[in-house]
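# Inside the fold
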Amino acid sequence: MKLSVLDQSVICKGESASTALQKTVKLAQITEELGYTRFWVSEHHNTNGMAGSSPEVLISHIASNTRKIRVGSGGVLLPQYAPYKIAENFKVLEALFPNRIDVGIGRSPGGSATTRLALTDGLRKSLNEFPRQVKDLQGFLQNHLPLDHPFHDVQAFPDTAGLPELWLLGITHRGARLAAENGTAFTYGHFITPVNGERAIDYYYQHFQPSAALAEPKANVCVFVVCASTQEKAEELALSQDLWLLAVEKGIDTKIPSVKEAKGTSLTYDQRTKIQENRKRMIIGTPQKVKSEIFRLSEKYRTEEFIIISNIYNFEDKIEIYRLLAESIL
């Protein structure tokens, strides 16, 4: 079993963006020593609660402060950008950190309609172009565009001995289909929605087409985890993540509250119901319980790699989650 990390550089209440980014780097260093396979950072815009708005910059800094763990994006919002520029960015990273770079891409608009327009400098780009962009990104990474492509004579530099590993992130079978048709690796976002996962992964494995970069299908699954020495402690730590998710879904203050604040917050019936629904996206419990659930999901999803995300308030408790998982699973 392989374990990896997704960190969203979420800012805790009372702390700064700089502190959140420093914690992200520290977590990468710690999880590298614990034996985790890869460390991914996300891309979010126009939010006061997430500091990681530029994954390429953050990837470079993390890779500079680690030695061997793979570092990448989970993921770059390809519809807002030119595939050529993404290829160049990640080829530079590959040249700087050979055989350590992952380029994870997603179809998400990245925020509100106005935010997306700001990202595209006012150009109204259709999300329906995403399949074409994926093909173009592959072509630029490999410098092998079709002869009739309008940019056939344009190459993405620098030349590198290897290529960054391309992952397509999805939460439906449509994302899985695109990954399968193009021969990319596939990440399923169980932490976003567990509903479509089995269908998506099954479709990916059944319809995978080998590509120049990937001969066999390769998939992993990302899931929220809160782990502690006792079930009671894990449930308590998860309260800050519960309240944070409620805020994220409303588009309001997205800084992580403390457990004390979470305990003191009066919740409506609808909010309590929503929290219970969100808990389906998480594994919460002792190391033994989390290990059992991950191995159950491993059989369901037919993968031996899980990306762990944990957005709780206290950083020392967060480190302990990754340590307990490493000790029980790796």
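Residues numbered from 1 in each chain as written. Predicted model: local features only at pLDDT ≥ 70, side-chain atom pairs only at ≥ 80, totals over all residues. Heavy atoms only, no water.

On to the packing of helix H1 (residues 17-34) against helix H2 (residues 55-64), then. Two elements in contact, H1 and H2, have axes separated by 9 Å at closest approach and are oriented at 45°. It follows that H1 is oblique to H2 by the angle criterion. By crossing handedness, the relation of H1 to H2 is classed as right-handed. Within the contact between the two elements, H1 uses Leu21, Thr24, Val25 and Ala28 and H2 uses Leu58, His61 and Ile62. Among the residues making up the contact of H1 with H2, the classes are represented as five nonpolar, two polar and no charged. (Axes fitted to C-alpha atoms, helices over the stretch in contact; angles between N-to-C directions. Helix = DSSP H or I, 4+ residues; strand = E, 2+ residues; numbered from the N terminus. Parallel < 35°, antiparallel > 145°, perpendicular 65-115°, else oblique. Left-handed = near helix turned anticlockwise from the far one by under 90°. Contact = heavy atoms within 4.5 Å. Nonpolar A, V, L, I, M, F, W, Y, C, P; charged D, E, K, R; others polar.)

Every α-helix carries 3.6 residues per turn, so stepping three or four residues along brings you back to the same face. Among all positions in helix H10 (residues 269-278), only Gln271, Ile275 and Asn278 are buried. Burial along H10 is one-sided: seen end-on, the buried residues are contained in an arc of 65°. The exposed residues of H10 that point more than 90 degrees off its buried face are Tyr269, Asp270 and Gln276. On the buried face of H10, the contacting elements are helix H8 (231-250) and strand S9 (282-285). (Buried < 20%, exposed > 50% of the residue type's maximum accessible area, 1.4 Å probe, protein only. Arc of directions from axis to C-beta.)

Before going further, it helps to examine the pairing of strand S7 (residues 185-189). For S7, a buried count of five out of five residues is recorded, marking the element as mostly surrounded by other parts of the structure. The alternating pattern of S7 places Ala185, Thr187 and Gly189 and Phe186 and Tyr188 on opposite faces, both of which are buried. Between the parallel elements strand S6 (residues 165-170) and S7, the chain passes through helix H6 (residues 173-182) in a crossover that is right-handed. As paired strands, S7 and strand S8 (residues 219-227) are joined by four bridges and run parallel to one another. Across the sheet, the residue bridging to Gly189 is Cys222, located in S8. (Right-handed = clockwise from strand over helix to strand, strands pointing away. Pairing = 2+ DSSP bridges.)

Right, let's talk about the environment of Ile312 for a bit. Along the polypeptide, Ile312 turns up in the loop between strand S10 (305-309) and helix H12 (315-329). Ile312 sits 73 residues away from Leu239 along the chain, and the two C-alpha atoms are 8.1 Å apart. Setting aside chain neighbours within four positions, we find Ile312 in contact with Cys12, Val226, Leu237, Ser240, Gln241, Ile256, Asp317, Lys318 and Ile321.

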